[in-house]
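# Overview (structure and organization)
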Amino acid sequence: PYADPLKQLILAKSWSNSVASRQLGQLMWHMTYVKNVPFDLIVPVPLHWMRYSWRGYNQAEEMAKVLSSYSNKSVVHLLKRIRYA
(Lines give C-alpha, C1' and ligand atoms only; values in the text may rest on other atoms or scores of the structure.)
Protein backbone atom coordinates (compact mmCIF):
# COMPACT_ATOMS: atom_id res chain seq x y z
CA PRO A 1 0.00 0.00 0.00
CA TYR A 2 1.15 3.49 -0.83
CA ALA A 3 1.51 6.04 1.96
CA ASP A 4 1.39 9.82 1.82
CA PRO A 5 2.86 11.86 0.19
CA LEU A 6 3.47 9.25 -2.55
CA LYS A 7 -0.17 8.14 -2.47
CA GLN A 8 -1.40 11.69 -3.04
CA LEU A 9 0.97 12.17 -6.00
CA ILE A 10 -0.15 8.93 -7.64
CA LEU A 11 -3.81 9.82 -7.22
CA ALA A 12 -3.25 13.37 -8.51
CA LYS A 13 -1.35 12.02 -11.52
CA SER A 14 -4.35 9.89 -12.38
CA TRP A 15 -6.67 12.91 -12.36
CA SER A 16 -5.02 15.15 -14.95
CA ASN A 17 -2.40 16.79 -12.74
CA SER A 18 0.76 17.08 -14.85
CA VAL A 19 2.66 18.69 -11.95
CA ALA A 20 2.21 15.46 -9.97
CA SER A 21 3.67 13.49 -12.89
CA ARG A 22 6.72 15.74 -12.95
CA GLN A 23 7.14 15.39 -9.18
CA LEU A 24 6.96 11.61 -9.54
CA GLY A 25 9.70 11.85 -12.16
CA GLN A 26 11.85 13.75 -9.66
CA LEU A 27 11.18 11.14 -6.98
CA MET A 28 12.07 8.37 -9.43
CA TRP A 29 15.44 10.00 -10.07
CA HIS A 30 16.31 10.90 -6.48
CA MET A 31 14.79 8.01 -4.50
CA THR A 32 15.36 4.95 -6.72
CA TYR A 33 18.26 3.29 -8.50
CA VAL A 34 17.28 4.70 -11.91
CA LYS A 35 20.29 7.02 -11.95
CA ASN A 36 22.62 4.03 -11.45
CA VAL A 37 21.23 2.00 -14.37
CA PRO A 38 23.04 2.52 -17.68
CA PHE A 39 20.68 3.54 -20.49
CA ASP A 40 20.94 5.33 -23.82
CA LEU A 41 17.51 6.89 -24.21
CA ILE A 42 14.08 7.19 -22.63
CA VAL A 43 10.99 5.83 -24.39
CA PRO A 44 7.69 6.84 -22.74
CA VAL A 45 4.67 4.59 -23.20
CA PRO A 46 2.20 6.41 -25.45
CA LEU A 47 -1.47 6.97 -24.73
CA HIS A 48 -4.26 6.20 -27.13
CA TRP A 49 -5.34 9.45 -28.81
CA MET A 50 -8.76 9.30 -27.11
CA ARG A 51 -7.24 9.05 -23.66
CA TYR A 52 -4.70 11.75 -24.52
CA SER A 53 -7.46 14.14 -25.60
CA TRP A 54 -9.45 13.42 -22.42
CA ARG A 55 -6.47 13.81 -20.10
CA GLY A 56 -4.62 16.52 -22.02
CA TYR A 57 -1.15 15.11 -21.45
CA ASN A 58 0.78 11.84 -21.21
CA GLN A 59 1.87 10.98 -17.67
CA ALA A 60 4.77 8.82 -18.86
CA GLU A 61 6.02 11.58 -21.16
CA GLU A 62 6.00 14.14 -18.34
CA MET A 63 8.03 11.79 -16.13
CA ALA A 64 10.36 11.01 -19.06
CA LYS A 65 11.07 14.73 -19.59
CA VAL A 66 12.16 15.07 -15.96
CA LEU A 67 14.37 11.99 -16.17
CA SER A 68 15.83 13.34 -19.40
CA SER A 69 16.75 16.64 -17.77
CA TYR A 70 18.56 14.86 -14.91
CA SER A 71 20.28 12.22 -17.03
CA ASN A 72 21.01 14.25 -20.19
CA LYS A 73 19.48 11.40 -22.23
CA SER A 74 17.04 11.95 -25.07
CA VAL A 75 13.32 11.20 -24.92
CA VAL A 76 12.46 9.26 -28.07
CA HIS A 77 8.94 8.44 -29.26
CA LEU A 78 9.41 5.00 -30.81
CA LEU A 79 6.17 3.35 -29.75
CA LYS A 80 2.64 3.84 -31.05
CA ARG A 81 -0.54 2.96 -29.19
CA ILE A 82 -2.92 1.05 -31.46
CA ARG A 83 -5.61 -0.26 -29.13
CA TYR A 84 -7.57 1.72 -26.58
CA ALA A 85 -6.77 0.07 -23.26
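The text that follows walks through the structure, step by step, so that each part is easy to find. Please read all numbers here as calculations on a predicted model, not as lab measurements.

This next bit is on the side chain of Arg55. Counting through the fold element by element, Arg55 comes out in helix H3 (residues 49-55). One buried charged residue, Arg55, remains without a salt bridge, the closest side chain of opposite sign being Glu61 at 10 Å. Of the polar contacts made by the side chain of Arg55, one reaches the side chain of Gln59; its length is 3.4 Å. Setting aside anything within four residues of it in sequence, one finds Arg55 in contact with Ser16 and Leu47.

Enumeration according to the criterion identifies 1 aromatic pair in this entry. An angle of 10° between the planes, with centres 5.9 Å apart, marks the rings of Trp29 and Tyr70 as stacked. Of this pair, Trp29 sits in helix H2 (residues 18-31) while Tyr70 sits in helix H4 (residues 59-71), and the two are 41 residues apart along the sequence.

Here is what the cut-offs are and how they apply
- Throughout this document, residue positions are counted from 1 along each chain, in the order its sequence is written.
- Where totals are concerned, whole chains, interfaces and linings use all residues; where local detail is concerned, this predicted model gives features only for residues with pLDDT of at least 70, and gives and counts side-chain atom pairs only at 80 or more.
- As a rule here, side-chain values come from all non-hydrogen atoms in the structure, and water together with hydrogens is ignored.
- Under the scheme used here, helices are H or I runs from DSSP no shorter than 4 residues and strands are E runs no shorter than 2 residues, and both carry numbers assigned from the N terminus.
- Exposure classes here rest on a 1.4 Å probe applied to the protein chains alone. A residue is buried below 20% of its type maximum, exposed above 50%, and partly exposed in between.
- Only four residue types enter the charge count, namely Lys and Arg as positive and Asp and Glu as negative; His and the chain termini do not.
- Here, a salt bridge means any side-chain nitrogen of Lys or Arg that lies within 4 Å of a carboxyl oxygen of Asp or Glu.
- The definition of a polar contact used here is a pair of N or O atoms within 3.5 Å, where within protein one atom must be able to donate a hydrogen and the other to accept one, and adjacent residues in sequence count solely through side-chain atom pairs.
- Throughout, a residue-residue contact means that at least one pair of heavy atoms, one from each residue, lies within 4.5 Å.
- In this scheme Phe, Tyr and Trp rings, the latter by its six-membered ring, pair at centre separations within 6.5 Å, and the angle between planes marks the pair as stacked below 30 degrees, edge-to-face above 60, and tilted otherwise.

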